[in-house]
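# Geometric and topological summary
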Amino acid sequence: MPNISNEAFSLDGVELPSDFPYRAYVMEPHWERLVGLGDEVVLERGEQLHAERDARFCYLVLDGMVGSSNPAPAGSPQHGAFFLRGSLFLESNALSGLPSDTVFTALERTTLVRIGRERMKAAMMADGDVFDLVICSLAHKFFSANERLRETERYDVRMRVYLMLLGFAKDCDEPLGDDWYRITFKLTQQMIGDMLGANRVTVNTAVRNLADEGVVDKRDGSYLVRDPKGLIV
């Protein structure tokens, strides 16, 4: 279980991550070209897709929000990423034909496009922009997974929450000036805890520490995060 250090929170020594460990995937260029490749699927809040059941399909989010999670050795599964409008998931499984133990849960009513392997491969071969979109999506997931393993050993929960919020802010791309950024989707402390494997009390303490240091705020239901070190590029 992550703990809060007794030392004061400090950004000294923070390195630029190769890729932020936690991501909120959003619209990529040319994502609309994938819309016509499959059939629409609607998930009500709480409904799940289990990747191990069928490795022939990937999914594009048309609206709503999906969270991915993997089984944990003990306790509740940890969320790995959020997928918002225009994002793609399970593309690696569809292209390789290999199953995964990842579970995808609709965090609100969500509409998806289910795209079969052969149609995705054909679109990638016929359209260089689609090919680039899929490869970039795969690369982001690969580097984020590596960074998540690295930061778990390096930082206490406050820094992990801070880097998580910075990553989400980078994905949302809504600068407010004076190094502040807005996270444009609804994010709760429970969702943060689910991603870190921490309880809400620990997350609440971490968020309050970060607010006291002037790098996190919450206004009108949205989290704001400040980036004085210029980690968002």
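All of the points below concern the structure found in this document.

Calculation rules
Residues numbered from 1 in each chain as written. Predicted model: local features only at pLDDT ≥ 70, side-chain atom pairs only at ≥ 80, totals over all residues. Heavy atoms only, no water. Core = buried A, V, L, I, M, F, W, Y, C linked by side-chain atoms within 4.5 Å. Buried < 20%, exposed > 50% of the residue type's maximum accessible area, 1.4 Å probe, protein only. Helix = DSSP H or I, 4+ residues; strand = E, 2+ residues; numbered from the N terminus. Contact = heavy atoms within 4.5 Å. Phe/Tyr/Trp six-rings, centres within 6.5 Å; stacked < 30°, edge-to-face > 60°. Patch = residues over 30% accessible without salt bridge, like charges linked within 9 Å, V, L, I, M, F, W, Y side chains within 5 Å. Areas by Shrake-Rupley, 256 points an atom, 1.4 Å probe, with all protein chains shown as cover. Salt bridge = Lys/Arg side-chain N within 4 Å of Asp/Glu carboxyl O. Lys, Arg positive; Asp, Glu negative; His and termini not counted. Charge placed at Lys NZ, Arg CZ, Asp CG, Glu CD. Axes fitted to C-alpha atoms, helices over the stretch in contact; angles between N-to-C directions. Parallel < 35°, antiparallel > 145°, perpendicular 65-115°, else oblique. Left-handed = near helix turned anticlockwise from the far one by under 90°. Nonpolar A, V, L, I, M, F, W, Y, C, P; charged D, E, K, R; others polar. Arc of directions from axis to C-beta.

In this section: the nonpolar core. Counting residues in each nonpolar core, the largest one holds 40 residues, and the members touching the most others are Phe82, Phe168, Phe185 and Leu187. For this core, the secondary structure elements donating two or more residues are helix H4 (157–172), helix H5 (189–196), helix H6 (200–212) and strand E13 (222–226). It is H4 that provides the largest number of residues to this core, a total of eleven residues. In contact with leucine 187, not counting residues within four places along its chain, are Phe82, Leu165, Phe168, Ile192, Lys218 and Tyr223. Residues Leu34, Phe57, Ala94 and Val134 belong to the second largest nonpolar core, which totals 31 residues.

Where two aromatic rings form a pair, the distance of their centres and the angle of their planes describe that pair. Evaluated as defined, the whole model comprises nine aromatic pairs. Ring centres of tyrosine 25 and phenylalanine 83 lie 5.2 Å apart, and the angle between their planes is 20°; on these two criteria the pair is classed as stacked. Of this pair, tyrosine 25 sits in strand E1 (residues 23–25) while phenylalanine 83 sits in strand E6 (residues 78–83), placing them 58 residues apart in sequence. By relative accessible area, which is 3% here, phenylalanine 83 ends up buried. Here the aromatic rings of phenylalanine 82 and phenylalanine 185 are separated by 5.9 Å at their centres, their planes lie at 65°, and the arrangement is edge-to-face. Of this pair, phenylalanine 82 sits in strand E6 while phenylalanine 185 is found in the loop between strand E11 (180–182) and H5, placing the two residues 103 residues apart along the sequence.

Within the element layout of this structure, threonine 105 appears in strand E8 (residues 103–106). Excluding its chain neighbours within four sequence positions, the residues that come into contact with threonine 105 are Gly46, Glu47, Gln48, Met65, Val66 and Gly67.

Among the surface-exposed residues, Asp39, Glu40, Asp63 and Glu108 lie close enough to one another that they form a single negatively charged patch. As for its position among the elements, aspartate 39 is in strand E2 (residues 39–43).

Before going further, it helps to spend a moment on the packing of H4 against H5. Between H4 and H5, the least distance of the axes is 11 Å, while the angle of their chain directions is 110°. Classified by the angle their axes make, H4 and H5 are roughly perpendicular. Between H4 and H5 lies a crossing of right-handed hand. The residues of H5 that touch H4, namely those facing Val157, Arg160, Val161, Met164, Leu165 and Phe168, are Ile192, Met195 and Leu196. Split into classes, the residues belonging to the contact of H4 with H5 amount to eight nonpolar, no polar and one charged.

What follows covers helix H2 (residues 117–126). For the α-helix, the turn length of 3.6 residues means that residues three or four positions removed from each other point alike. Here H2 has its buried residues at Met120, Ala123 and Met124. Take H2 and look down its axis: the buried residues cluster within an arc of 100°, on one side only. Turned more than 90 degrees from where H2 packs its buried face, Glu118, Met125 and Ala126 sit exposed.

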